[in-house]
Amino acid sequence: MKKLLALVLVVLLLVGCGSTDKPGTGDGDGDGKKRAALLISNLGDLSFNDSANEGVLRAGKEIDGADVNVIEYGQDPTRYESAVVEAAEEGYDLFLGSSTLQEVFENVAPDYPDVVFVLFDSSVDYSTGNYDNIYSIVYKANEGSYLGGYLMAKRSDTGVLGFLGGMDQPIISDFLVGFIQGAQEANPDIKVTTAYVGAWNDSPKGKELSLGMYNQNASSIFQVAGGSGMGTIEAGVERGREVLGVDSDQSLSFEAEGNQEFADVIVTSVLKNVGDSLYRAIDLFVKGELKVGETENLGLAEGGVGLAINKYYEDKVDADLRAELVEINDKIVSGEIVVDTAYGKSTDEINAISDA
């Protein structure tokens, strides 16, 4: 058995476990139930992580045969692998972890062939290792961002938009590429100013960079920065400017928390329906239908991404523009509009798109 490092785990629900002859075919404790755990860095971002948490907890309540647990492993990269190994030794049937844990899953999964690992927001290269027990989910964030870029460019009274990323990496670049393409379709002369925080949990720096973009005449900012994006929303409130949210329906989330000022500046959010995709994965796993050893790409057609349609969106966006966006959505789904992606592009190619 591997030597384990001490780690405090946050446990929400504890359930039975068991081993399987092959991934996804066991019956947990012999009671027909599957034991699943979401491994997440920290909750409370009202965005990506909280969406994942919501979907997994909902699966635990609604899916017969699914027992779930949520483990927060913190922000220290040196503890990631020990957290996964410790949890694996507890006998779960299914783990769900984001792209942050990709390397860890690649290292650990071969040692636990009876456990299924769900990697969301990234994909392993199945040709390079023994990853038969890893299922990958990739979201076509570029498609949802195209809609967001078109919307915010149409609404812009300055001809300038802002984009704040948490980290400069392909996942975030995919948002950027789609956002720019959609914005340029709405207004070929649009300018997009871009900045990166370099962290997912630095709200003060997110605010500083966002204020800088508003000072450069950005009419709105698309924040794809996790907890750092809180700073963008704060800056939007301070300057009376608009924000495009990300991952979850952030306006409704802030409203539910009693933060009406934040809710009011968010026109809509580019949804990455993480919670729904994890609910779906757990459901398929329990049914024995999960495509383990493969990658699934979830876009507009699959309901993996989209725009948040709520009272804020309907109040701020006129009916004609909403109708345009429905038409564009349908054209993307049908293939009439092909949205560019950052995946497969070099850094220079992505920079050229951004600079343009």
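Scroll up for the structure.
A few points on the structure. What you are looking at is a predicted structure, and each value in this text was computed from that prediction instead of being measured.

Any two packed helices are characterised by how steeply their axes cross, that is the angle between the axes, and by the distance between the axes. Running from amino to carboxyl end, helix 4 (residues 141-155) crosses helix 5 (residues 170-186) at an angle of 40°, the nearest separation of the two axes being 6 Å. Taken as axis vectors, helix 4 and helix 5 run oblique relative to one another. The handedness of the crossing between helix 4 and helix 5 comes out as right-handed. Packed against helix 4, whose contacting residues are Ala141, Asn142, Ser145, Tyr146, Gly148, Gly149, Tyr150, Ala153 and Lys154, the element helix 5 presents Asp174, Phe175, Gly178, Phe179, Gln181, Gly182, Ala183, Glu185 and Ala186 at the interface. Partitioning the contact of helix 4 with helix 5 into residue classes produces 8 nonpolar, 7 polar and 3 charged.

The next thing to look at is the pattern of salt bridges. Counted according to the given criterion, the structure contains 11 salt bridges. Taken together, the shared-partner salt bridges connect Glu54, Arg58 and Asp276 into one network.

Our next topic: the pairing of strand 9 (residues 242-247). Counting buried positions over the 6 residues of strand 9 gives 5, a clear majority of the element. Crossover handedness for the path strand 8 (residues 220-224) to helix 7 (residues 229-239) to strand 9: right-handed.

Summed over all chains, the structure comprises 1 cavity of 30 Å³ or more. Taken as a whole, the largest cavity encloses approximately 40 Å³ of empty space. What lines the largest cavity is simply Asp121, Ser122, Val138, Tyr139, Ala141, Ile171, Asp174, Phe175, Lys272 and Tyr343. Top element by residues in the lining of the largest cavity is helix 5. It accounts for 3 residues. Grouping the amino acids of the lining of the largest cavity by side-chain chemistry returns 6 nonpolar, 1 polar and 3 charged.

With that out of the way, let us pick up the layout of surface pockets. There is about 600 Å³ of room inside the largest pocket. Every residue lining the largest pocket is counted, 31 residues in all, and those nearest its centre are Ser41, Phe48, Asn49, Thr100 and Trp200. Elements with a contribution of two residues or more to the lining of the largest pocket: helix 1 (48-62), helix 5 and strand 9. The element best represented in the lining of the largest pocket is helix 5, accounting for 3 residues. A per-class count over the lining of the largest pocket returns 14 nonpolar, 13 polar and 4 charged.

Reading across from one edge, 7-6-8-9-10-12 is the order of the 6 strands in this open sheet, with mixed pairing throughout. The sheet is open, and its two borders are formed by strand 7 (191-196) and strand 12 (305-307), each paired with just one other strand. Sheet twist, expressed as the average angle between the axes of neighbouring strands with direction ignored, equals 20°.

A few words now on the packing of helix 6 (residues 203-215) against helix 7. Between helix 6 and helix 7, the shortest axis-to-axis distance is 7 Å and the interhelical angle comes to 45°. As summarised for this structure, helix 6 and helix 7 are arranged oblique, according to the angle between their axes. Both helix 6 and helix 7 take part in a crossing whose hand is right-handed. Contacts between helix 6 and helix 7 pair Ser203, Gly206, Lys207, Ser210, Leu211, Tyr214 and Asn215 from the former with Met230, Gly231, Thr232, Glu234, Ala235, Gly236, Glu238 and Arg239 from the latter. Residue composition of the contact of helix 6 with helix 7, grouped by class: 4 nonpolar, 7 polar and 4 charged.

How each quantity is defined
- Residues numbered from 1 in each chain as written.
- Predicted model: local features only at pLDDT ≥ 70, side-chain atom pairs only at ≥ 80, totals over all residues.
- Heavy atoms only, no water.
- Axes fitted to C-alpha atoms, helices over the stretch in contact; angles between N-to-C directions.
- Helix = DSSP H or I, 4+ residues; strand = E, 2+ residues; numbered from the N terminus.
- Parallel < 35°, antiparallel > 145°, perpendicular 65-115°, else oblique.
- Left-handed = near helix turned anticlockwise from the far one by under 90°.
- Contact = heavy atoms within 4.5 Å.
- Nonpolar A, V, L, I, M, F, W, Y, C, P; charged D, E, K, R; others polar.
- Salt bridge = Lys/Arg side-chain N within 4 Å of Asp/Glu carboxyl O.
- Buried < 20%, exposed > 50% of the residue type's maximum accessible area, 1.4 Å probe, protein only.
- Right-handed = clockwise from strand over helix to strand, strands pointing away.
- 1 Å grid on protein atoms, 1.4 Å probe; cavity = no way out; pocket = protein on both sides within 12 Å on 5 of 7 lines; lining within 4 Å.
- Points joined across faces, edges and corners; volume = space filled by probe spheres on them.
- Pairing = 2+ DSSP bridges.

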